[in-house]
Amino acid sequence: MEVFSDLEALSRAAAERLVQLARTAVTERGRFDLVLAGGSTPRRLYELLAGEYGDNIAWHQVHLFWGDERCVPPDRPQSNFKLAQETLISRVPLPAENVHRIPAELEPPREAAAAYERLLRSHWPQAAWPAFDLVLLGLGADGHTASLFPGDPVLEEQESWVRAVLAPPAYEIRQRITLTFLAINSARAIYFLVSGEVKVPALHAVLEQNGSALPASRVRPAEGEPRWFLDEAAAERLQRAQGGR
Ligand code: 6PG
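Residues numbered from 1 in each chain as written. Predicted model: local features only at pLDDT ≥ 70, side-chain atom pairs only at ≥ 80, totals over all residues. Heavy atoms only, no water.

Asks: Just to check I follow, could you spell out the overall build of the protein chain for this structure?
Replies: Looking only at helices and strands, the protein chain features seven helices and nine strands. Taken over the C-alpha trace, the protein chain has a radius of gyration of 17 Å; the compact-globule value for 245 residues is 18 Å, and the two agree within 12%. With respect to the principal axes defined by its C-alpha atoms, the protein chain has extents near 45 × 40 × 35 Å. In the protein chain, the proportion of contacts linking residues at least 24 apart, taken out of those at least 6 apart, comes to 76%. (Helix = DSSP H or I, 4+ residues; strand = E, 2+ residues; numbered from the N terminus. Rg over C-alpha atoms; globule rule 2.2 N^0.38 Å. Contact = heavy atoms within 4.5 Å.)

Asks: Sorry, what's going on with the packing of helix 1 (residues 7–29) against helix 2 (residues 43–50) here?
Replies: Describing two packed helices takes the angle between their axes plus the distance from one axis to the other. At a closest axis distance of 9 Å, the pairing of helix 1 and helix 2 adopts a crossing angle of 50°. As judged from the angle between their axes, helix 1 and helix 2 are oblique. For helix 1 against helix 2, the interelement crossing comes out right-handed. Of the residues in helix 2, those touching helix 1 at Glu8, Ser11, Arg12, Ala14, Ala15 and Leu18 are Arg44, Leu45, Leu48 and Leu49. When its residues are assigned to classes, the contact of helix 1 with helix 2 shows six nonpolar, one polar and three charged. (Axes fitted to C-alpha atoms, helices over the stretch in contact; angles between N-to-C directions. Parallel < 35°, antiparallel > 145°, perpendicular 65-115°, else oblique. Left-handed = near helix turned anticlockwise from the far one by under 90°. Nonpolar A, V, L, I, M, F, W, Y, C, P; charged D, E, K, R; others polar.)

Asks: Teacher, can you tell me more about the pattern of salt bridges here?
Replies: Pairing between side chains of opposite charge can happen when the charged atoms of each approach one another. As enumerated under the stated definition, the model contains 18 salt bridges in all. Between Arg44 and Glu47 there is a salt bridge whose closest N-O contact spans 3.1 Å. Of this pair, Arg44 and Glu47 are both found in helix 2, three residues apart, which corresponds to roughly one turn of the helix. Given the relative accessible area of 23%, Glu47 is considered partly exposed. (Salt bridge = Lys/Arg side-chain N within 4 Å of Asp/Glu carboxyl O. Buried < 20%, exposed > 50% of the residue type's maximum accessible area, 1.4 Å probe, protein only.)

Asks: Even after reading the chapter, I still don't get the sheet that holds strand 1 (residues 2–4), so can you show me in this structure?
Replies: Strand-to-strand pairing in sheets goes through backbone hydrogen bonds, with the strands running parallel or antiparallel. Pairing within the open sheet is parallel, and its six strands lie in the order 1-9-8-5-2-3. Sheet topology places strand 1 and strand 3 (62–66) at the edges, where each strand pairs with a single neighbour. Each strand of the sheet is rotated relative to its neighbour by a mean of 20°, with strand direction disregarded. Sheet topology places strand 1 next to strand 9 (residues 227–231); three bridges connect them, and they run parallel. In the strand pairing of strand 9, Phe4 is matched with Asp231. Strands strand 2 (32–36) and strand 3 of the sheet are contacted by helix 4 (residues 109–123), whose axis makes an angle of about 150° with strand 3. (Pairing = 2+ DSSP bridges.)

Asks: Which parts of the structure should I look at to understand the site of the ligand?
Replies: The environment of the ligand is made up of 15 residues, and the closest members are Thr41, Asp68, Arg70, Ala146 and Lys199. Take Ser40: an N or O atom from its side chain is 2.7 Å from an oxygen atom of the ligand. In the environment of the ligand, an oxygen atom lies 2.7 Å from a nitrogen or oxygen atom belonging to the side chain of Lys199. Burial of the ligand by the surrounding chains reaches 87%, relative to a free accessible area of 410 Å². Among the cavities detected, the one that contains the ligand is the largest pocket. Of the residues that constitute the shell around the ligand, the class distribution is two nonpolar, nine polar and four charged. (Near = heavy atom within 4 Å. Polar contact = N/O pair within 3.5 Å; in protein donor to acceptor, adjacent residues only side chain to side chain. Areas by Shrake-Rupley, 256 points an atom, 1.4 Å probe, with all protein chains shown as cover. 1 Å grid on protein atoms, 1.4 Å probe; cavity = no way out; pocket = protein on both sides within 12 Å on 5 of 7 lines; lining within 4 Å. Sits in = over half its atoms within 2 Å of the grid points.)

Asks: Can you help me understand helix 4 in this one?
Replies: Think of an α-helix as turning once every 3.6 residues; residues three or four places apart then point the same way. Helix length check: helix 4 (15 residues) gives 21 Å between terminal C-alpha atoms against 21 Å at 1.5 Å per residue, within 8%. On the buried face of helix 4, the contacting elements are strand 2, strand 3, strand 6 (162–166) and strand 7 (175–179). (Expected span 1.5 Å × (residues − 1).)

Take a look at the structure:
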């Protein structure tokens with residue numbers, strides 16, 4: 001867990017570490033399989049990756065995936081793909097065939113999920129689960145991550161890598177497509193980016209109440225622990241003993 005003064009500093013630190021992971025992955029395996037987060041927190045990270053950190057990444061060896069998507073066309077403001085398209089994809093020399101968008105506009109949603117699962121399985125044929133190099137995640141104020149919401153039976157999914165889910169009524173776009181824990185937790189590395197005091201209660205529940213039932217507390221990479229990039233507003237009152245700055 002690392003606490004930074006603000007979202008800018010948090011995003012820069014995450015960009016620096018992501019560049020290192022990308023370099024290692026490309027050196028060792030010839031590609032960097034990166035899962036992008038949705039929501040608004042990662043916007044600055046994506047801008048930095050397209051900007052001053054862009055020259056440090058072998059974009060031709062990068063493959064982009066998404067942790068979740070809202071069931072809207074990719075050109076709508078609510079689309080997680082649109083955020084990445086505007087801030088990152090349109091600004092870097094990433095081959096179009098390396099951009100693996102969730103076709104969340106497909107009807108019915110379960111067909112969109114099945115289509116994405118087929119795409120992932122074609123990337124990791126005969127594998128029991130995908131092996132992403134890095135999964136980027138956000139944290140909802142209710143402790144959700146990707147589109148894995150508290151109390152949803154999808155939290156117990158043991159077979160599918162991708163599922164169609166319904167977000168709680170409070171959310172503007174309820175129909176979503178999400179990676180399951182099976183797909184997320186098989187990653188080599190997982191980064192949470194969390195900014196803003198609205199996240200304080202969820203962060204406490206996840207980081208300080210062991211075994212809390214919140215979805216974000218059930219995220220574990222294949223080896224080790226998730227890395228948390230927090231700003232001071234979100235990390236307020238967190239015990240520094242957890243190795244924060
Ligand atoms: C989504 C995201 C979701 C997001 C959190 C935090 O599709 O909304 O995948 O899990 O990461 O809700 O969102 P903010 O970054 O906007 O606070």
